[in-house]
Amino acid sequence: NQGTVWNEVDQYIAERLIEQDAVLAKVLSTNQEAGLPAIDVSAAQGKFLNLLVQLHGSKRILEIGTLGGYSTIWLARALPPYGKIVTLELDPHHAQIAAANLAHAQVQDKVEIRVGEALEQLALMRDEGVEAFDFIFIDADKPNNPHYLKWALHFSHPGTVIVGDNVVRGGEVLDENNSDPRVIGVRQFYDLLAEEKRITATAIQTVGSKGYDGFMIGIVTN
Ligand code: SAM
């Protein structure tokens, strides 16, 4: 079965290339015990995000969709000591678990969790004059992806990297008649990216312990 092989290869990769990490293992078990869905990025993907932040030298990160803070920790660990992440989460229970996980990982000083509808928080952040981010990770409710892309552009500067998760959805992205709002949102996300002159982007299909999906990665040009 394909899924079993993908999972085993992810384990093979993790055993060889990803440091054994008691903190992240504890975060995943805390999330499970707290009833959070296991929809965080995989270890291989978390490390990929971490490497992207290091490669880019990002100092300010915006994450849309915190869950239990698993990806947040991978991102935070790539930051220099004075780096900062703002992460947005709708569900207060998720945010509470994330706060405890971030403290356990000793990255809480770098992370601000803002609880509420991401679209409302983003508008508040604009009103507060929050400065631009160097790296933006979009991983919340997919129907809002087109709106998140517009906000990502608002909070970007030339050179900002924007990454969107789950942009393949087991291949469902091909189906123009699919009525799943997440698929519709992701298809609109591609359409916006295609017509948006301020960003140049690609998407990479991925398989692994989280199934068949993909990342969009783009860089803001002006
Ligand atoms: N980035 C996380 C990780 O890899 O560890 C996973 C995030 S999970 C896929 C998506 C999260 O977005 C969930 O915790 C969900 O509660 C949150 N979410 C859903 N709709 C939202 C909204 N409208 N505003 C803010 N967060 C939202």
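Note that the structure is a prediction, hence the values are computed from the model and not measured.

### Some points on the overall build of the chain
Okay, step 1: A count of helices and strands for the chain gives eight helices and seven strands.
Okay, step 2: Rg of the C-alpha trace for the chain: 17 Å, near the compact-globule value of 17 Å for 222 residues, within the 12% margin.
Okay, step 3: Its C-alpha atoms put the chain at 45 × 40 × 30 Å along the principal axes.
Okay, step 4: Considering the chain as a whole, with its 222 residues, one finds that 42% of them fall into the buried category.
Okay, step 5: Relative to all contacts within the chain whose residues are 6 or more apart in sequence, the contacts with residues 24 or more apart total 73%.

### What to know about the site of the ligand
Okay, step 1: In the vicinity of the ligand, 19 residues are found, and the nearest of them are Asp40, Gly65, Ser71, Ala118 and Asp141.
Okay, step 2: Elements supplying a minimum of two residues to the shell around the ligand: α4 (70-77) and β2 (84-89).
Okay, step 3: Considering only residue class, the shell around the ligand consists of eight nonpolar, five polar and six charged.

### A few points about the sheet that holds strand β4 (residues 135-138)
Okay, step 1: Taken in spatial order, the seven strands make up an open sheet running β3-β2-β1-β4-β5-β7-β6, and their pairing is mixed. Across the chains shown, the open sheet's two edge strands, defined by having one partner strand only, are β3 (111-115) and β6 (199-208). Neighbour to neighbour, the strand axes of the sheet diverge by 15° on average, direction disregarded.
Okay, step 2: Both strand β1 (residues 60-64) and β2 contribute to a ladder of five bridges, which runs parallel. Bridge pairing in β2 links Ile61 to Ile85.
Okay, step 3: Here helix α7 (residues 145-154) sits on the sheet in contact with β1, β4, β5 (161-165), β6 and β7 (211-220), set at roughly 170° to β4.

What counts, and at which threshold
All residue numbers here refer to positions counted from 1 along the written sequence of the relevant chain. In view of the model being predicted, local features appear only for residues whose pLDDT reaches at least 70, and side-chain atom pairs are presented and counted only at 80 or more, with totals across whole chains, interfaces and linings using the full set of residues. Helix and strand assignments come from DSSP, with helices taken as H or I runs of at least 4 residues and strands as E runs of at least 2, each series counted from the N terminus. We compute the radius of gyration from the C-alpha atoms alone; for a globule the expected value is 2.2 Å times N to the 0.38, where N is the number of residues. To sort residues by exposure, count the other C-beta atoms lying within 10 Å of each residue's C-beta; 20 or more gives buried, 12 or fewer gives exposed, and values between give partly exposed, all with C-beta atoms placed from the backbone. Contact criterion: two residues are in contact if their C-beta atoms, reconstructed from the backbone, are within 7 Å. Being near a molecule or strand means, for a residue, that its backbone-placed C-beta atom lies within 6 Å of it. When residue character is reported, Ala, Val, Leu, Ile, Met, Phe, Trp, Tyr, Cys and Pro are called nonpolar, Asp, Glu, Lys and Arg charged, and the others, Gly included, polar. Only strands joined by at least two bridges in the DSSP assignment are considered to pair. Note on geometry: axes are C-alpha line fits, over the in-contact stretch for helices, and angles between N-to-C directions span 0 to 180 degrees.

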